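Close look at the chain arrangement
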Amino acid sequence: MTAPGQEHWDRVYTTRAAAEVSWYETHPVKSLELIRAAGLAADDPIIDVGGGASVLAEELLDAGYRDVTVLDLSGEALRRQRERLGPRPVMPSFIEQDVTRFRAPRAYALWHDRAAFHFLVQAEDRQRYVDALRRALRPHGHAIIATFGPSGPERCSGLDVRRYDAAALAAELGDGFELAESSLVLHRTPRGAEQQFLYCRFVRRT
Ligand SMILES: C[S@@+](CC[C@H](N)C(=O)[O-])C[C@H]1O[C@@H](n2cnc3c(N)ncnc32)[C@H](O)[C@@H]1O
């Protein structure tokens, strides 16, 4: 069955080159900085939620992390990642699924999401996302979530988004997560526009 939104994202990934989309980054510098700050071991499991066609998984493997999973609603996005990676000794695992329906088969040490959560404009979907996150992350695990910041765009890829400051994002996640650090970062799109992103790293309380 096609999940809501899947057709939209599959269309985006079949009609636009990876480096043309507004969220494209050559190197996910801020994400990698926050992942390093989590102090994981090389074998600790990491999941990139709404990973799309991002190079993050590839760069994590290059940095020596060996257990990387990419989850995305769009099979086309994941196909692109697989194609770009080609065969390599250690591959990421790929999960094609709506994060709001995700039942993690294992406990992850780190959950990363850049620019997926902010598309959840319905409160029930955000609650389902937080439930999925809580179930997926082990105690003391890290959740790195990047959304548009308070001055970021109101829409992306033709869809409405919600913008957050750190307090509002922390409130969405609830008491089970402690905010460890946050910063606002300007992203330059391939067309030269600037977009304000909020990056937060949370630690799951026991
Ligand atoms: C703006 S893109 C960001 C992609 C990637 N994280 C990056 O930074 O390059 C948003 C991604 O989230 C995915 N997505 C949107 N809603 C989702 C959902 N409910 N569950 C899983 N993935 C979703 C889309 O397919 C898309 O790949």
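Structure report, in brief. (Residues numbered from 1 in each chain as written. Predicted model: local features only at pLDDT ≥ 70, side-chain atom pairs only at ≥ 80, totals over all residues. Heavy atoms only, no water.)

**Observations concerning the overall build of the chain**
Formally: Under the scheme used here, helices are H or I runs from DSSP no shorter than 4 residues and strands are E runs no shorter than 2 residues, and both carry numbers assigned from the N terminus. Radius of gyration means the value over C-alpha atoms here, while the globule rule gives 2.2 Å times the residue count to the 0.38 power. To sort residues, take the accessible area from a 1.4 Å probe on protein chains only and compare it with the maximum for the residue type: under 20% means buried, over 50% means exposed, and anything in between is partly exposed. Every accessible area reported is derived by Shrake-Rupley at a probe size of 1.4 Å, with residue values counting cover from the shown protein chains alone.
Across its full length, the chain carries six helices and nine strands. Scaling as 2.2 N^0.38, a compact globule of 206 residues should have a C-alpha radius of gyration of about 17 Å, and the chain matches this with 16 Å. Looking at the 206 residues of the chain, the share that counts as buried comes to 50%. For the chain, the exposed area adds up to about 9700 Å²; of that, 48% sits on carbon and sulfur atoms.

**A short note on the layout of surface pockets**
For clarity, the threshold we go by: Throughout, the protein atoms alone are placed on a 1 Å grid, and a set of points is a cavity if a 1.4 Å probe fits but cannot get out or a pocket if it is open with protein on both sides within 12 Å along at least five of seven lines; lining residues have an atom within 4 Å of a point. Grid points are joined across faces, edges and corners, and a volume is the space filled by probe spheres set on the points.
The calculated volume of the largest pocket comes to roughly 890 Å³. In this structure, the largest pocket is lined by 44 residues; those nearest its centre are W9, L73, A115, A116 and F119. For the lining of the largest pocket, the secondary structure elements donating two or more residues are α1 (6–15), β1 (46–49), β2 (68–72), β4 (108–114), α5 (123–136) and β7 (159–160). Counting residues per element, the lining of the largest pocket draws most heavily on α1, which supplies three residues.

**Observations concerning the packing of aromatic side chains**
Here the distance between the centres and the angle between the planes together describe a pair of aromatic rings. What counts is decided by this rule: Pairing of aromatic rings covers Phe, Tyr and the six-membered ring of Trp, with a centre-to-centre limit of 6.5 Å; geometry is then stacked below 30 degrees between planes, edge-to-face above 60, and tilted otherwise. The criterion is that NZ of a Lys, or CZ of an Arg, lies within 6 Å of the ring centre and within 35 degrees of the ring normal, and then a charge sits over that ring.
A complete count under the given rule lists eight aromatic pairs for this structure. Here F197 and Y199 contribute two aromatic rings whose centre-to-centre distance is 6.3 Å and whose plane-to-plane angle is 40 degrees, an arrangement assigned as tilted. For Y199, a relative accessible area of 3% gives the class buried. Through successive ring pairs, a cluster of aromatic residues spans W9, Y13, W23 and F119. Over the ring of F197 we find R114, and its NZ or CZ is 4.8 Å from the ring centre.

**Let's talk about the nonpolar core**
Our working definition: Each nonpolar core is a collection of buried residues, namely Ala, Val, Leu, Ile, Met, Phe, Trp, Tyr and Cys, held together in the definition by side-chain atoms within 4.5 Å. Residue contacts are counted whenever heavy atoms from the two residues lie within 4.5 Å of one another.
Residues I35 and L60 are the most contacted members of the largest nonpolar core, which totals 35 residues. If you list the elements that add at least two residues to this core, you get α1, α2 (29–37), α3 (56–62), β2, α4 (75–85), β4, β5 (137–148) and β9 (194–204). Here this core takes four residues from α3, the largest share from any one element. Setting aside its immediate chain neighbours within four residues, L60 contacts L32, I35, I46, Y65 and V68. Grouped together as the second largest cluster of nonpolar side chains are 25 residues, L133, I145, F177 and F202 included.

**Looking at the packing of α1 against α4**
Our working rule: Orientation is described by lines fitted to C-alpha atoms, with helices fitted over the stretch in contact, and by angles between N-to-C directions that extend from 0 to 180 degrees.
It is the contact of α1 with α4, at a shortest axis distance of 7 Å, that shows an interaxial angle of 35 degrees. Across the interface between the two elements, Q6, D10, Y13 and T14 from α1 touch G75, E76, A77 and R80 from α4.

**Re the side chain of T69**
Here T69 lies in strand β2. Setting aside chain neighbours within four positions, we find T69 in contact with I46, I47, D48, S93, I95, R106 and Y108.

**A word on the site of the ligand**
Note the threshold: The cutoff for a nearby residue is simple: one of its non-hydrogen atoms must lie within 4 Å of the molecule or strand. A 3.5 Å cut-off defines polar contacts: any pair of N or O atoms within that distance qualifies, except that in protein one atom must be a possible hydrogen donor and the other a possible acceptor, and neighbouring residues in sequence count only when both atoms are side-chain atoms. Each molecule is assigned to a cavity or pocket provided more than half of its atoms lie within 2 Å of the corresponding grid points. Side-chain classes follow a simple rule in which Ala, Val, Leu, Ile, Met, Phe, Trp, Tyr, Cys and Pro form the nonpolar group, Asp, Glu, Lys and Arg form the charged group, and the remainder, Gly included, forms the polar group.
Lining the immediate environment of the ligand, one finds 18 residues, of which Y13, G50, D72, V99 and R114 sit closest. Contact between the ligand and G50: a nitrogen atom at 2.7 Å from a main-chain N or O atom of the residue. Contacts to the ligand include V99, whose backbone N or O atom sits 2.9 Å from a nitrogen atom. Expressed as a share of its isolated accessible area of 590 Å², the protein-covered part of the ligand is 96%. A majority-of-atoms criterion places the ligand in the largest pocket. Counting residues per element, the ones that place at least two in the shell around the ligand are α1 and β2. A breakdown of the residues in the shell around the ligand according to their chemical character gives nine nonpolar, six polar and three charged.

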